[in-house]
Amino acid sequence: MVFLMFTSLGAQSLITKQIKLEAGKKYGSQAQNRFNDIESSLLKKLENESEIKKLNVVNTWVNAVGYKSDKQVYGVNDYWATLYEFVGKNRGDCEDYTIAKYYILKELGINPKRMKFTYVIYKNRKGRKISHMVLSYLKVAKPKSRKDILILDNNNRFILPASKRKDIIKVVKMINGDTGPKSKKWKKLEANMKRKKL
């Protein structure tokens, strides 16, 4: 019952036969294979696993997609791609990794109230400060410290508590339009996800 309660799209409707066929036509057989893999290696295989295993496997799978800026992929400075566009094109930026992880984990029954799109200031290896987005997972409903927040990040293959991420020097904002006020970007993303925009 808990699984059904937290998934708004239903057990197998995140990845449909139709989306796989359309992805194959638009992006080729490798894209179709990636959607098949989400269905078999993530949604079906992880269905009865622990939350931490779901987080780790999904984080690793999504992080294998290649990084490209919105300018390089879409010709604009800022664009929130759907899971379908990101997986179909097999490239995206930090927001796209965050979005893909969020929707796959939500489909796996992770409570959306525990997941936040988190804008941060990230310090790279050269010491440069960069605006960045990660997916935060709240281990408890109301975290009392950074230890209670796990960070799923395309820049780090390990899921670590925020307290151990010294390279994240500032949290700017946490949002979740599924459970709170919806920004224009979130509304557009939600509409594009519902129509499975490729």
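What counts, and where the lines are drawn
Residues numbered from 1 in each chain as written. Predicted model: local features only at pLDDT ≥ 70, side-chain atom pairs only at ≥ 80, totals over all residues. Heavy atoms only, no water. Helix = DSSP H or I, 4+ residues; strand = E, 2+ residues; numbered from the N terminus. Polar contact = N/O pair within 3.5 Å; in protein donor to acceptor, adjacent residues only side chain to side chain. Pairing = 2+ DSSP bridges. Axes fitted to C-alpha atoms, helices over the stretch in contact; angles between N-to-C directions. Contact = heavy atoms within 4.5 Å. Core = buried A, V, L, I, M, F, W, Y, C linked by side-chain atoms within 4.5 Å. Buried < 20%, exposed > 50% of the residue type's maximum accessible area, 1.4 Å probe, protein only. Phe/Tyr/Trp six-rings, centres within 6.5 Å; stacked < 30°, edge-to-face > 60°. Salt bridge = Lys/Arg side-chain N within 4 Å of Asp/Glu carboxyl O.

### Let's talk about the side chain of E39
Looking at the secondary structure, you find E39 in helix α3 (residues 29-44). A distance of 2.6 Å separates polar atoms of two side chains, one belonging to E39 and the other to K20.

### Remarks on the sheet that holds strand β6 (residues 156-161)
The antiparallel open sheet is built from five strands, whose spatial order is β6-β5-β4-β3-β7. Only two strands of the sheet have a single partner each, and these edge strands are β6 and β7 (168-175). Here the strands of the sheet are splayed against their neighbours by 30° on average, with no regard to which way each runs. Sheet analysis places strand β3 (residues 115-123) next to β7, joined by six bridges and oriented antiparallel. Bridge assignment links Y122 to a residue of β7, and that residue is I168. Packed onto the sheet, helix α4 (residues 51-63) meets β4 (129-138), β5 (149-153) and β6 and runs at close to 150° relative to β6.

### Quick look at the nonpolar core
Core analysis: the biggest nonpolar cluster contains 43 residues, and L14, I15, I38, L83, Y84, I104 and F117 have the highest contact counts within it. Among the elements that line this core, the one with the most residues is helix α7 (residues 94-107), at eight residues. Residue contacts for L83: discarding those within four places in its chain leaves L14, I15, I38, I99, A100, I104 and M193. Counting eight residues, the second largest nonpolar core, distinct from the first, contains Y122, I151, A162 and I168.

### Things to note about the packing of aromatic side chains
A full pass over the atoms with the stated rule returns nine aromatic pairs. Ring geometry for Y74 and Y79: centres 4.4 Å apart, planes at 45°, overall tilted. What makes Y79 buried here is its relative accessible area of 13%. Relative to Y103, the ring of Y102 lies with its centre 5.2 Å away and its plane at 85°, an arrangement referred to as edge-to-face.

### Describing unusual backbone geometry
Backbone geometry at N90 places phi at a positive 60°, although glycine is not the residue there. Tracing the backbone shows N90 in the loop between α6 (83-89) and β2 (91-92).

### Structural notes on the pattern of salt bridges
Two side chains of opposite charge can pair, provided their charged atoms sit close to one another. Tallied over the entire structure, the rule returns seven salt bridges. Between E39 and K20 there is a salt bridge; the shortest N-O distance is 2.6 Å. In this pair, E39 is assigned in helix α3 and K20 in helix α2 (residues 17-27), connecting sequence segments 19 residues apart. For the pair formed by E39 and K20, the shared burial category is buried. D153 is the partner of R165 in a salt bridge, and the nearest nitrogen-oxygen pair spans 2.7 Å.

### A short note on the pairing of β5
Along β5, five of the five residues are buried, which leaves the element largely enclosed by surrounding structure. On β5, burial covers both faces: I149, I151 and D153 on one face and L150 and L152 on the other are all buried. Both β5 and β6 contribute to a ladder of three bridges, which runs antiparallel. Looking at the pairing, L150 lines up with P161 of β6. Count of turn residues in the β5/β6 antiparallel hairpin: two residues.

Purely geometric numbers; function is a separate question.
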